Amino acid sequence: MSFPLVCIAVVSLVLAIIGNIWVMPPSLPRVLGGSVGVCCLAGMALVWRDVSSRMKAESRTPGSLLSQYLAVKGVGWLGRRQREKLEADTLDVRRVQEQTLLVRLRKHADTRYGRQYDFNSIKDNVGYRARHPITTYEDYRELIRRIAAGEERVIIAEKPAILAMTSGTSGASAMLLSTKDTNKEFFLQGVAVCLEAMGRAFPATDSLQRTTKFFYSPTFRQSEAGIPIGPNSSTPASSRHILNLYTTPAAAFEVPSEKDTLYLHLLFALKDPSVGTLESNFASTVFYAFSALQDRWQEFVQDIEQGKVSSALHLETKVRSRLEALMKPDPHRAAQLRAHFQEGFRGIAKRLWPHLHLVLAVDSGSNQIYGEMLRENYCQGVPFYSPFYAATEGLIGVNLWPREPHRRYMLCPRSMFCEFLPDGSLEEETPPTLLMEEVKEGESYELVITNASGLFRYRLGDIVKVVGFHNQCPIVEFQYRRGQMLSVRGEKVSEALFLNALKKAIAQWGGAQLVDYCCAESGIMGDSVGGSDPHYQVFIELKGVRKLTEEQRYKLDICLQQDSAVYKSFRVKGSIGPMRVQLVAEGAFMELREHMMAFSNTSPNTFKMHRVLRRKEYADFLLGKTVS
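Residues numbered from 1 in each chain as written. Predicted model: local features only at pLDDT ≥ 70, side-chain atom pairs only at ≥ 80, totals over all residues. Heavy atoms only, no water.

Trainee: Help me understand the sheet that holds strand β1 (residues 162-165) in this model?
Mentor: Hydrogen bonds along the backbone pair up the strands of a sheet, which may run parallel or antiparallel. Here we have four strands laid out as an open sheet, ordered β2-β1-β5-β4, and mixed in their pairing. The open sheet is flanked by β2 (175-178) and β4 (221-222), the only strands paired with a single partner. Strand direction decides the pairing type here: β1 and β2, joined by four bridges, are antiparallel. Paired with I162 across the strands is S178, a residue of β2. (Pairing = 2+ DSSP bridges. Helix = DSSP H or I, 4+ residues; strand = E, 2+ residues; numbered from the N terminus.)

Have a look at this one:
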């Protein structure tokens, strides 16, 4: 059904609804009433014909189908409109970036911070960069503490919606401001645009199938001034109006335990063979879900067969009653599932859900290994779309090329004012910056951003490589976080470089499958490890291998030497000692993840595994889990 016809149909329905409250001359009601009635019936027929023609679950009610249909059509229209605006912006990036900057400065000019730097008198980016220094989080820590205590108009003009906690991958977790503008921009410039790109690349997603979205209800605490403190990401509460689009019932999000909520996500997804999309913020969350499914599949089959919810889950009586009211014994589906699981878990996703079109999750950066493991094992044959490049600071870029294997993101010119520090000048005290129209393809830069929520010329810590341009707008690939670099002698081994070496080594360890890994520099280990030469301590969790030989451990060191000439030169000179590779017990990284989230107040929705550990207690924890 074409979009214009849908518009006509929806307008007809609206006219029919409001027809009774129109003020009409006495002579017209009979004529118009009949016309409105005909339009109403015609509109309903057109809409229902389109609804009926789409792939959907058998158990859906007409009301839930119609609400999803209208939501899909509405977001589709918005996505096309936002994409048109974005394409126009990419034709004049310098103007759009300066406009974005000046809007930010004018909005916050009448704050203590804005008056300090006289934002009102700044006329262009040249004046801004001359007057305002490059900043780091330490420049904002005390200011944000004052806002949390209740002081107003310190950095931003409005009260923040939340005090957002970062994931802490490159150091201690930081508290940043998040405003309504930040969330609005993320939805309009990010979500709407990426859904439009997804619809173009994967037309089958334009259906009425439900999505299984792996997300959790985070715990928020309150600042002294009553401002919520927690993660800045989509949550069940912020998505409450669209929960009917997902397989997980609303009652499941009242369960405080992540482990029990994950069980319910999987249970209700398995009940529905028509699931169309698996979604999460990060590929790691999807990977953890399939790992749990592999461990507990027999429990899921039993629950579906008997029409109950496992007694092992710690649920309040009312919540359990609401969930079990949605369960009915289904021995036929249970038998199907049992047969699929007994075949093995390679390619299991497509067998469980034959009409699965897509895994929608970020699988770049620290999530790259989870995406690769999912594609190679559980989700063989299912396309992946990594839609955003974003951070707690806000939306940075969008992926307009969903089917391309390399994750590329076009920087959004209206989301942030962006500057770029050339890779070679990162250690300088006052390094010069470049603008969007000045960067060069093939070069790497650290991003410096001015966002909508009180960060000005802020060093983000992300190193990106410019891999092309969309019209005038840079397209980037994420390289690494500055704080996640291994460097015991100044050799600077990035996360991507180390991961490539690790994958090469594991490919030579017969039968080994990577589950997770992280590293620590020997300097933080103290007396925990012997030896005086600086070296890397590497912790690996594997499937298929219970013990590593010395030859296998040394193979990883050799692979990194092959990929990094600088590391090799230090190894040859003896300035860096050989890596110490520790194989840890099954489940060690899941336990580490829980420790990290508890320490940093990070939600499962936003957690990223730290590839380089900066806290000794984390490294000691993994040392205690070593089995080989």
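Trainee: Before we go on, may I ask you to explain the sheet that holds strand β16 (residues 513-521) in this structure?
Mentor: Across the sheet, which stays open at both edges, the four strands sit in the order β18-β17-β16-β19 with mixed pairing between neighbours. Single-partner strands in this sheet number two, and they are β18 (580-583) and β19 (612-613). With eight bridges joining them, β16 and strand β17 (residues 536-543) adopt antiparallel strand pairing. Paired with D516 across the strands is E541, a residue of β17. Where helix α19 (residues 616-623) meets the sheet, its contacts fall on β16, β17, β18 and β19, and the angle it forms with β17 comes to roughly 50 degrees. (Contact = heavy atoms within 4.5 Å. Axes fitted to C-alpha atoms, helices over the stretch in contact; angles between N-to-C directions.)

Trainee: Explanation requested: the pairing of β16 in the structure shown.
Mentor: A regular strand places its side chains on the two faces of the sheet in alternate fashion. Taken across its nine residues, β16 has eight buried, putting it largely inside the fold. Summarising the sheet, β16 and β19 pair through two bridges and their orientation is parallel. Looking across to β19, one finds that A520 is bridged to L613. (Buried < 20%, exposed > 50% of the residue type's maximum accessible area, 1.4 Å probe, protein only.)

Trainee: Teacher, can you tell me more about the pattern of salt bridges here?
Mentor: Opposite charge on two side chains allows them to pair when their charged atoms are near. Evaluated as defined, the whole model comprises 41 salt bridges. Among the salt bridges present, the one from R153 reaches D110, with a minimum N-O distance of 3.8 Å. Here R153 is found in the loop between α7 (141-148) and β1, whereas its partner D110 is found in the loop between α4 (93-107) and α5 (112-116), with 43 residues between them in sequence. Judged by its relative accessible area of 36%, R153 is partly exposed. A salt bridge links E404 to R408; its shortest N-O distance comes to 3.0 Å. Overlapping salt bridges bring together R83, E87, E196 and R200 as one network. (Salt bridge = Lys/Arg side-chain N within 4 Å of Asp/Glu carboxyl O.)

Trainee: Would you explain helix α11 (residues 317-324) in this entry?
Mentor: Residues of α11 that are buried include every one of V319, R320 and L323, and no others. Take α11 and look down its axis: the buried residues cluster within an arc of 100 degrees, on one side only. The exposed residues of α11 that point more than 90 degrees off its buried face are T317 and K318. Residues of α11 that are buried sit in contact with α9 (258-271). (Arc of directions from axis to C-beta.)

Trainee: Honestly, the side chain of D272 in this entry has me stumped. Any pointers?
Mentor: If you trace the backbone, D272 turns up in the loop between α9 and β6 (277-282). The side chain of D272 sits in the buried core without any salt bridge; R210 is the nearest counter-charge, 5.5 Å away. Beyond its immediate chain neighbours, meaning those up to four positions away, D272 contacts A57, R210, T247, R333 and W353. (Lys, Arg positive; Asp, Glu negative; His and termini not counted.)

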